[in-house]
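Single-letter residue listing:
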Amino acid sequence: MTDRLTIAIQKSGRLSKESMALLNACGVKFSVNEARLIAHSTSHPIDLLRVRDDDIPGLVMDGVVDLGLVGENVLEEVRLERIATDSVAAYQPLRGLEFGQCRLSLAVPRESQYQSLQDLDGLRVATTYPQLLKRYLKDNGVNARTVMLTGSVEVAPRAGLAEAICDLVSTGATLEANGLVEKDVIFRSQAQLIQRADSLSEEKQAMIDQLLPRIDGVQMARE
Ligand code: PRP
Ligand code: ZN
Ligand code: MG
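For every chain, the first residue of the written sequence is number 1, and numbering continues from 1 onward in sequence order. All chains are assigned letters beginning with A, and all ligands numbers beginning with 1, in the order in which they are written. Thresholds applied to this predicted model are a pLDDT of at least 70 for local features of residues and 80 or more for the giving and counting of side-chain atom pairs; totals over whole chains, interfaces and linings are not thresholded and use all residues. Water and hydrogen atoms were dropped before computing side-chain values, which therefore reflect all heavy atoms in the structure.

### Here's the deal with the site of ligand 1
Taken together, Arg14, Glu154, Asp167, Leu168, Val169, Ser170, Thr171, Gly172, Ala173 and Thr174 make up the full set of residues adjacent to ligand 1. Contact between ligand 1 and Gly172: an oxygen atom at 2.7 Å from a main-chain N or O atom of the residue. Areas reported here follow the Shrake-Rupley algorithm with a probe of radius 1.4 Å; residue values treat only the protein chains shown as occluding. Protein coverage of the free-state accessible area of ligand 1, which is 500 Å², stands at 61%. Numbering of helices and strands runs from the N terminus; a helix is a DSSP stretch of H or I covering at least four residues, while a strand is a stretch of E covering at least two. In terms of residue count, strand β9 (residues 164–169) provides more of the shell around ligand 1 than any other element does, three residues in total. The classification used treats Ala, Val, Leu, Ile, Met, Phe, Trp, Tyr, Cys and Pro as nonpolar, Asp, Glu, Lys and Arg as charged, and all other residues, Gly among them, as polar. Its residues placed into classes, the shell around ligand 1 shows three nonpolar, four polar and three charged. Near residues are defined by distance, with any heavy atom within 4 Å of the molecule or strand qualifying the residue. In protein, a polar contact means a hydrogen-donor-capable atom and an acceptor-capable atom, both N or O and within 3.5 Å, with residues adjacent in sequence counting only if both atoms are side-chain atoms; elsewhere, any N or O pair within 3.5 Å suffices.

### Section: the sheet that holds strand β1 (residues 5–10)
With mixed pairing, six strands are arranged side by side in an open sheet as β2-β3-β1-β4-β11-β5. Looking along the sheet, the strands with just one partner apiece sit at the ends: β2 (38–40) and β5 (92–96). For this sheet, the mean inter-axis angle between neighbouring strands, taken without regard to orientation, is 25°. Pairing between strands is defined by DSSP: at least two bridges between them are needed. Here β1 pairs with strand β3 (residues 46–51) via six bridges, running parallel. What sits directly across from Ala8, in β3, is Leu49. Should any heavy atoms of two residues lie within 4.5 Å, those residues are counted as being in contact. Axis angles are defined between N-to-C directions and span 0 to 180 degrees, where every axis is a line fitted to C-alpha atoms and, for a helix, only to the segment in contact. The strands touched by helix α3 (residues 72–84) within the sheet are β4 (67–71) and β11 (191–195), with β4 carrying the most contacts at an inclination of about 105°. On the sheet, helix α6 (residues 202–222) packs against β1, β3, β4, β5 and β11 and is oriented at approximately 25° with respect to β5.

### Remarks on the pairing of β3
Classification of residues uses two cut-offs on accessible area relative to the type maximum, computed with a 1.4 Å probe and protein chains only: under 20% is buried, over 50% is exposed, and between them is partly exposed. Burial of β3 is extensive: six of the six residues sit out of reach of the surface. If you look at the hairpin formed by β2 and β3, you'll find five residues sitting between the two strands.

### Topic: the packing of α3 against helix α4 (residues 130–139)
Between α3 and α4, the least distance of the axes is 8 Å, while the angle of their chain directions is 80°. Compared by their axis directions, α3 and α4 come out roughly perpendicular. Across from Asn73, Glu76, Glu77, Arg79, Leu80, Glu81 and Ala84 in α3, the residues of α4 making contact are Pro130, Gln131, Leu132 and Arg135. Of the residues belonging to the contact of α3 with α4, the class tally is four nonpolar, two polar and five charged. The scheme is simple: roughly parallel for angles under 35 degrees, roughly antiparallel for over 145, roughly perpendicular for 65 to 115, oblique for anything else.

### Looking at the sheet that holds strand β6 (residues 102–109)
With mixed pairing, five strands are arranged side by side in an open sheet as β8-β7-β9-β6-β10. Every other strand in the sheet has two partners, leaving β8 (145–148) and β10 (180–189) as the edge strands with one partner each. Across this sheet, the average inter-strand angle for adjacent strands is 30°, counted without regard to direction. Note: strand β7 (residues 124–127) against β9, three bridges, orientation parallel. What sits directly across from Ala126, in β9, is Ile165. In the packing of α3 onto the sheet, contacts are made with β9 and β10, and the angle to β10 comes to roughly 75°.

Here is the structure:
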């Protein structure tokens, strides 16, 4: 039986389409059944695992999958979380990819008196990225409280849950639509290809070694 290489990608979200397009451009063919978690490649001994982006770093760090395509924001958040809880947090970064660009930013309501980061002292900041936010606040000596929300972070100020938010921004449309103004960029992100830290079988490693120059070629051609 051939050893199949497993790659975790985001099931639906900002990275999904481009993750699939990149693999396709590298000659790795798939037909995805929306209802299925796993898609088998028809051209290579490769299986795609379609999961929530938040689960991708952990699957790679635990060695459940061989490769993962994930946003650096999610990757760094999970890494910090795992370090804080003494869990395995190792992985091998392979390539920064030229898609999924976004930034994690602090934003406040338009009518806020906010002038500098210190103004957050004693206030509540809602976010899905508590580790990245806490590190930034600590590095800047600000004593704000972190309110963890897994979604709809942009409505937290209006709902009275927090005075500020820390969330992903790409076009800025979500902030605009919710009467929020971006103040500080705390983390810049793009998609990254990562590999599990332990060594793989010769066949699997050979497949990765063949895939990487193709990825470089695809990215070069897009420039
Ligand atoms: C992020 C963020 C905002 C939106 C910002 O959500 O939470 O909702 O993108 O993008 P914009 O500046 O282009 O409006 P994402 O799409 O990652 O989904 P999620 O909130 O479900 O994780
Ligand atoms: Zn997500
Ligand atoms: Mg969102």
